[in-house]
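Commentary on secondary and tertiary structure
Below are the chains, spelled out letter by letter.
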Amino acid sequence: MPSPVLSTYRLQMRGDCCTFDDAVNLLDYLDRLGVSHLYLSPILTAAHGSTHGYDVTDPTTVSAALGGGEGLRRLSEAARSRGMGLIVDIVPNHVGVAHPEQNPWWWDLLRHGRASAYADYFDIDWDLDDGRIVLPVLGSDDDVADLVLDGDVLRLGDLVFPVAPGTGSGTGREVHDRQHYRLTGWRTGICGYRRFFSITSLAALRQEDRTVFDASHVEVKRWFDEGLVDGLRIDHPDGLSDPAGYLGWLRELTGPDAWIVVEKILAADESLDASLPVAGTTGYDALREIGGLFIAPSGESLLTAVSGRPDPDAERTLKTAAVTDTLASELSRLCRAITAVTARQDPQLPSAVAALISRIGVYRSDYLSLGAILPVAVQETSWAAPGLTDTLSTVATALSTSDEVVSRFNQLCGAATAKAVEDCLFYRDARLVSLNEVGGAPELFGVSAAEFHQRTTTRMRAWPTAMTTLSTHDTKRGEDVRARIGLLSQVPETWADSVERWSASSAPPDRDTALFLWQNIFGVWPVDGAVTDELRARLHGYTEKAIREAGTRTSWHDPCMDFENELHGWLDRVLDGPVAAELTALVGRLDVHARNDSLGQKLIQLTAPGVPDIYQGTETTEDSLVDPDNRRPIDHAALRDTLERGDDDKLRVTTAALTLRRARPATFQAGGYTPLLATGSAAAHLVSFLRGQDVVVAACRWTVALAETGWADTALPLPDGRWLDRLSGRRWAGLVPLTELLADSPVALLERTDD
């Protein structure tokens, strides 16, 4: 019988530094940390040299680079011997096709076209080019002339494509023109298959076809049949044609006891559909709620004044642009499907679809629990653009009568949200960038204690074993970086004055870009002010990604090197000039408060309802930015040494909480959640709750102001019984003054000792 999932530790599996055998060597450390399950990034065979595994090229085999099937078995058995288990991340939505020769299914499809045994595995737009698959992989259309015939393949640089039987005579171009595919320039925006968002190197699979599901899950099924794995994390199910149907099949495959969580990004006012056969989400909702607790609402007005009030129409504008430009192929295919269903040719159809999607505030609206979303969006669109009313009737008719239209509409909706909001707007909004996180709602400026307790109570009742997280491989800033940046809400005047002075001194080429980057630089600035070559390179890499994602002065599609070079020059002036000393001084002055918030959010995540995940390395303070920065190899040997010494506060809090979870599994799996309210003048600075009847958690917040006023008469009435603080070793009962309870630490973890 597998052990219950009490906590997970995410490992980014890589052939060059984190194989299955490497994971085996970490088990003693993770066991001592208190982890119940290792949580592995994708382990199926991926593109050669992949550092993340989401570009799976063969879903029927475990990656040989990681150790293959036998390596997985060794890891599973070693974990089982310690009472631990495995959770694995799987990627049902797409496979990697950047190098077709590495993907047997894709290679066969390109070689044989519609006659391929895998023709129905992929969502191919066969009508786009008279039955040929359009592949936008060239620098330009003219590059076709440079194709070279090499035996039974066509080559262009490091690209290799198959040649159909009986077509391999003549020049490279002549052979190309006889193939089941047509190579085009990537800038055309035309793609002959459904992609993962707009990434042409990731081709979508038709998991709605049971044959495709069975073929792509044969290895996953073996894991459960042989008892190697205890659960799954499902990558981006919203990209599938029918997420609910897919999850139903998956539950049949894994059995009723497998722990399954889905990477479902919820809007602030959206609930996970209760009919889904899963334990919950991967925790971006919890991330927003826990981090938001430490944002001081008093800082909103001044920080808004610094960056300017957010444009209320920005999201709709960017979504419309994403649908009509970046995702033009997907829009065209959807419009053709609508036209086929309704037999109505309407030139306004693309505009109506884009306008409608721009008003849908969730990834997809076809879950049973979201039935009101679409009709409201239709009405709002019609009201805002009366000229589209008749066309919207056409769209609504198609959505009411065609499953294909429903799925393509919702797949486009999710891709538009990701590209417009997470990958663009969140790189433009500079009010408080710690709020600009996947699943975030920066317009809400934090989370009140009342909201937090209400949402957490709901999670306890509806999704008690959902995953909770603070950092992932996709977060735009690590949890400690966000905690430090969030601290600016407590010192808005200081920040406003600093940014004005620093910008005048360093002369950035663009004010808005600088406002965004200042906070990120502050978030990772070393306390001792020592800017290493590594940090410099990381900041330059982050800057390039941020400005290209923002897309205001440069972009991935059309980079403006003059602007980028100016900005890199400005960054060097910041790192090497007088501003650096001021940054160091400010970071040093606020460091104790940043650490308070880091410990507070960590303890709450580890003890609140749900199954907490510790992303590799975040058991101690770290400074990661967005990927690939947050996927760097982890020095676990150093972490082992730190754990032995016991001198790291965050590691000590993590170990204490995980150990307590393991000692009292019933409390954290099924025990209740009861908010505890402090009394006294500084009560708002404490967040506290009771788990079951035997664990009390307390964390202070907004400590900049608290340092001036002190706790004064503030106290926490403890529930009946005698309580031991697992962090300090001190004992408490009754009404406890916070000047005593939190005298040595910003957090307390109390265990009842009279039961």
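Numbering of residues begins from 1 in every chain and follows the order in which that chain's sequence is written. Predicted model: local features are reported for residues with pLDDT of at least 70 only, side-chain atom pairs are reported and counted for 80 or more only, and whole-chain, interface and lining totals are derived from all residues. Hydrogens and water molecules were not included; the side-chain quantities draw on all heavy atoms of the structure.

Looking up the chain in an unreviewed UniProt entry gives the name Malto-oligosyltrehalose synthase, with the organism given as Mycolicibacterium septicum.

Examining the overall build of the chain
Here is the rule we go by: The numbering of helices and of strands both runs from the N terminus, where a helix is a DSSP run of H or I of at least 4 residues and a strand a run of E of at least 2. We take the radius of gyration over the C-alpha atoms and set the globule estimate at 2.2 Å times the residue count to the 0.38 power. Any residue under 20% of the maximum accessible area for its type is buried, any over 50% is exposed, and the rest in between are partly exposed; the area is computed with a 1.4 Å probe on protein chains only. Two residues qualify as a contact provided that any one of their heavy atoms is within 4.5 Å of a heavy atom in the partner residue. Residue burial considers only the protein chains on display, and all accessible areas are found by Shrake-Rupley using a 1.4 Å probe.
Counting its secondary structure elements, the chain contains 27 helices and 26 strands. For 755 residues, the compact-globule estimate of 2.2 N^0.38 gives 27 Å, and the chain sits close to it at 27 Å. For the chain, the spread of C-alpha atoms along the three principal axes comes to 85 × 60 × 55 Å. Across the 755 residues of the chain, 61% fall into the buried class. Considering only intrachain contacts with a sequence separation of at least 6, the fraction spanning at least 24 residues in the chain is 74%. Carbon and sulfur atoms make up 51% of the accessible area of the chain, which totals about 28000 Å².

What to know about the nonpolar core
Test applied: To define a nonpolar core, start from buried Ala, Val, Leu, Ile, Met, Phe, Trp, Tyr and Cys residues and group those joined through side-chain atoms within 4.5 Å.
Counting residues in each nonpolar core, the largest one holds 125 residues, and the members touching the most others are Leu 38, Trp 223, Leu 232, Val 353 and Ile 604. Among residues more than four places away in sequence, those in contact with Val 353 are Leu 331, Leu 334, Cys 335, Ile 338, Val 395, Phe 409 and Leu 412. The next biggest cluster of nonpolar side chains, apart from the first, holds 49 residues, and it includes Leu 303, Ile 485, Val 491 and Trp 502.

Section: the packing of helix H11 (residues 328-342) against helix H15 (residues 403-422)
We apply this condition: Inter-axis angles, ranging from 0 to 180 degrees, are taken between N-to-C directions of lines fitted to C-alpha atoms, where helices are fitted over the stretch in contact. An angle counts as roughly parallel when it lies under 35 degrees, as roughly antiparallel when it exceeds 145, as roughly perpendicular when it falls between 65 and 115, and as oblique in every other case. Put simply, a crossing is left-handed when the front helix is turned counterclockwise from the back one by less than a right angle, and right-handed when it is turned clockwise.
Running from amino to carboxyl end, H11 crosses H15 at an angle of 155 degrees, the nearest separation of the two axes being 10 Å. Judged on the interaxial angle alone, H15 and H11 are roughly antiparallel. Considering the relative orientation of H11 and H15, their crossing is left-handed. On H15, the residues touching Glu 330, Leu 331, Arg 333, Leu 334, Ala 337, Ile 338 and Val 341 of H11 are Glu 404, Val 405, Arg 408, Phe 409 and Leu 412.

Looking at the packing of aromatic side chains
We count it as follows: Pairs were defined over the aromatic rings of Phe, Tyr and Trp, the Trp ring being its six-membered one, requiring ring centres within 6.5 Å. Orientation was assigned from the angle between planes: stacked under 30 degrees, edge-to-face over 60, tilted for the rest. Working rule: Lys NZ or Arg CZ, within 6 Å of ring centre, within 35 degrees of ring normal, means a charge sits over the ring.
This structure, assessed with the given rule, holds 15 aromatic pairs. Of the aromatic side chains, those joined through ring pairs into one cluster are Trp 495, Trp 502, Trp 518, Phe 522 and Trp 570. A cation over a ring is seen here: Arg 10 above Tyr 39, with NZ or CZ 4.7 Å from the ring centre. Positioned over the ring face of Phe 522 is Arg 484, at 5.9 Å from the centre of the ring.

Some thoughts on the UniProt feature "domain: Glycosyl hydrolase family 13 catalytic" (unreviewed entry) in the chain
Short version of the rule: UniProt positions are given in the numbering used here, feature names are shortened, and annotations may be inferred rather than shown by experiment.
The positions UniProt marks with the feature "domain: Glycosyl hydrolase family 13 catalytic" (unreviewed entry) are residues 6-664. Secondary structure content for residues 6-664 is 47% helix and 11% strand, and the end C-alpha separation is 10 Å.

Some remarks on the side chain of Arg 195
For clarity, the cut-off: Under this definition, polar contacts are N or O atom pairs within 3.5 Å; protein pairs additionally need one hydrogen-donor-capable and one acceptor-capable atom, and for neighbouring residues in sequence, both atoms have to be side-chain atoms.
Relative to the elements of secondary structure, Arg 195 occurs in strand S12 (residues 195-196). Looking at Arg 195, its side chain comes within polar contact range of the main-chain oxygen of Ser 198, at 3.5 Å. When near neighbours in sequence (up to four residues on either side) are disregarded, Arg 195 contacts Thr 200, Leu 202, Ala 204, Thr 326, Leu 327, Ser 329 and Glu 330.

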